[in-house]
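Understanding the architecture of this molecule
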Amino acid sequence: MKKDVIKTLSAHLKGQHVSIAYPEATDPRVLGAAVRLKADELVDPVLIGNPDEIKEIAQKNSWIIDGIEIIDPENYPEYDQMVAAFVERRKGKVDEAKAQTMLKDHAYFGTMLVYMDKADGMVCGAQYSTGDTVRPALQIIKTKEGISSTSGAFLMIPRENDGQRLIFADCAINIAPSAQQLAEIAVVSAKTAEMFEIDPRIALLSFSSKGSAKSDDVDRVVEATKLAQELAPELPIDGELQFDAAYVEAVAEKKAPESKVAGHATVFVFPEIQSGNIGYKIAQRLGGYQAIGPILQGLNKPVSDLSRGCVEEDVYKVSVITARQAQMG
Ligand SMILES: CC(C)(COP(=O)(O)OP(=O)(O)OC[C@H]1O[C@@H](n2cnc3c(N)ncnc32)[C@H](O)[C@@H]1OP(=O)(O)O)[C@@H](O)C(=O)NCCC(=O)NCCS
Ligand SMILES: CC(=O)OP(=O)(O)O
């Protein structure tokens, strides 16, 4: 049995009052997780929604929400400042009338709370699609200096927590990444791996291993591998590799005997979102892996998405990760 990574992160958060905004506070999975996080003193939740509705759901489930901040967008005293800050941030793209309409959307409202330092991070996506969760963050929070694209990684934990933890990326954001974007995803995913005490050995995945097949898509992964190696020469990065060559030592010996990563990879970079999203769900649903994420990488402040198929425990764990990201800056 390995050390529980969520417990390790939680130890840093205990009593530190990192605040997380929840735009879907009337979803019982979200509210239940927020109540537990507050009781465990890991997060100060900021619940967004109608206070009466939130209180009714809490009462029905015998959850105590005393002391948890609730912000009702319909009666927010700093609403005018928020509208002005939004118009300023989206200069030339959003006028005041449009901002008023857009801020009725709780994901935009919650993202603005983070932007205005009213919350340290945000967790959303139990009901909102990934696109609708992430778009406000891309437009308002934006990426860190030197990072052109946000991407979504999953922490993959063997169900019994008895084997190697892995990172899968990008499973959530970039529909058709260029070689440059893939290279950036490889490097930023190594940083995410380190947050979970995973020694990063990064494989750029393909349907080809070391020239076994030819196509433009394979060429893109080969190019991305070169770029990633240039971006982070200190990291073990290799490609193009099929999943079995990247993961299974015996296969690696046949398909990529010279590679230092093949057979030992811990960070798997998928060539595009279709394979990434399908791949993580297969590992989760058939392979018995716990999939935590998507953890958004490269934003100025942490905003996390959820899968709409999530359960309360997923919201709890993603919140812990988001709060830790906020703490680490
Ligand atoms: C993420 C996503 C919503 C962005 O697409 P979009 O809404 O069409 O966004 P746009 O192209 O209009 O761009 C909006 C802003 O975000 C920025 N942006 C878009 N993609 C970005 C990325 N990957 N990283 C950083 N910024 C990005 C744009 O530059 C633009 O900024 P600006 O308005 O300040 O100029 C889209 O790529 C998407 O739907 N991805 C798949 C999500 C999904 O369904 N995943 C599967 C389930 S997890
Ligand atoms: C991450 C993901 O696939 O999200 P959803 O299941 O909500 O589409």
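This text gives an overview of the structure that appears in the document. Quantities reported herein were computed from a predicted structural model and do not represent experimental measurements. (Residues numbered from 1 in each chain as written. Chains lettered and ligands numbered in written order. Predicted model: local features only at pLDDT ≥ 70, side-chain atom pairs only at ≥ 80, totals over all residues. Heavy atoms only, no water.)

Digging into the sheet that holds strand E5 (residues 151-158)
- Spatially, E8-E7-E9-E6-E5-E10 is the arrangement adopted by the 6 strands of the open sheet, whose pairing is mixed. What marks the edges here is a single partner per strand, and that holds for strand E8 (237-241) and strand E10 (289-297). Pairwise comparison of adjacent strand axes, ignoring direction, gives a mean angle of 25° for this sheet.
- Relative to strand E9 (residues 267-269), strand E7 (residues 202-205) runs parallel, the two being bridged by 3 bridges. Pairing of Leu204 across the sheet is with Val269, part of E9. (Pairing = 2+ DSSP bridges. Helix = DSSP H or I, 4+ residues; strand = E, 2+ residues; numbered from the N terminus. Axes fitted to C-alpha atoms, helices over the stretch in contact; angles between N-to-C directions.)

Focus on the packing of aromatic side chains
- Counting across every chain of the model gives 9 aromatic pairs.
- Taken together, the aromatic side chains of Phe168, Phe243, Tyr247, Phe268 and Phe270 make up a single cluster linked through ring pairs. (Phe/Tyr/Trp six-rings, centres within 6.5 Å; stacked < 30°, edge-to-face > 60°.)

A word on the site of ligand 1
- Around ligand 1, the structure places 18 residues, and the nearest of them are Arg90, Lys93, Arg135, Thr150 and Asn174.
- At 2.8 Å, a backbone N or O of Ala172 approaches a nitrogen atom of ligand 1.
- Ile173 places a polar main-chain atom, nitrogen or oxygen, 2.9 Å from a nitrogen atom of ligand 1.
- Contact with the protein chains hides 61% of the accessible area of ligand 1, taken as 930 Å² for the molecule alone.
- Counting residues per element, the ones that place at least two in the shell around ligand 1 are helix H7 (130-141) and helix H12 (273-285).
- Considering each element in turn, the shell around ligand 1 owes the most residues, 5 residues, to H7.
- Tallied by class, the residues present in the shell around ligand 1 amount to 5 nonpolar, 9 polar and 4 charged. (Near = heavy atom within 4 Å. Polar contact = N/O pair within 3.5 Å; in protein donor to acceptor, adjacent residues only side chain to side chain. Areas by Shrake-Rupley, 256 points an atom, 1.4 Å probe, with all protein chains shown as cover. Nonpolar A, V, L, I, M, F, W, Y, C, P; charged D, E, K, R; others polar.)

Remarks on the layout of surface pockets
- Quantified by volume, the largest pocket comes out at close to 620 Å³.
- As for the largest pocket, its lining consists of 27 residues, and the residues nearest its centre are Lys144, Ile147, Val188, Lys191 and Gly298.
- If you list the elements that add at least two residues to the lining of the largest pocket, you get helix H8 (179-195), E10 and helix H13 (312-328).
- Along the lines of polarity and charge, the residues of the lining of the largest pocket split into 12 nonpolar, 9 polar and 6 charged. (1 Å grid on protein atoms, 1.4 Å probe; cavity = no way out; pocket = protein on both sides within 12 Å on 5 of 7 lines; lining within 4 Å. Points joined across faces, edges and corners; volume = space filled by probe spheres on them.)

Regarding the site of ligand 2
- Every residue close to ligand 2 is listed here: Thr130, Phe154, Asn277, Tyr280, Lys281, Pro294, Leu306, Ser307 and Arg308.
- Within the side chain of Lys281, an N or O atom sits 2.8 Å from an oxygen atom of ligand 2.
- Here an oxygen atom of ligand 2 sits 2.7 Å away from a polar atom, N or O, in the side chain of Ser307.
- When ligand 2 is considered free in solution it has 260 Å² of accessible area, and contact with the protein chains removes 87% of it.
- With 3 residues, the single largest contributor to the shell around ligand 2 is H12.
- Broken down by class, the residue content of the shell around ligand 2 amounts to 4 nonpolar, 3 polar and 2 charged.

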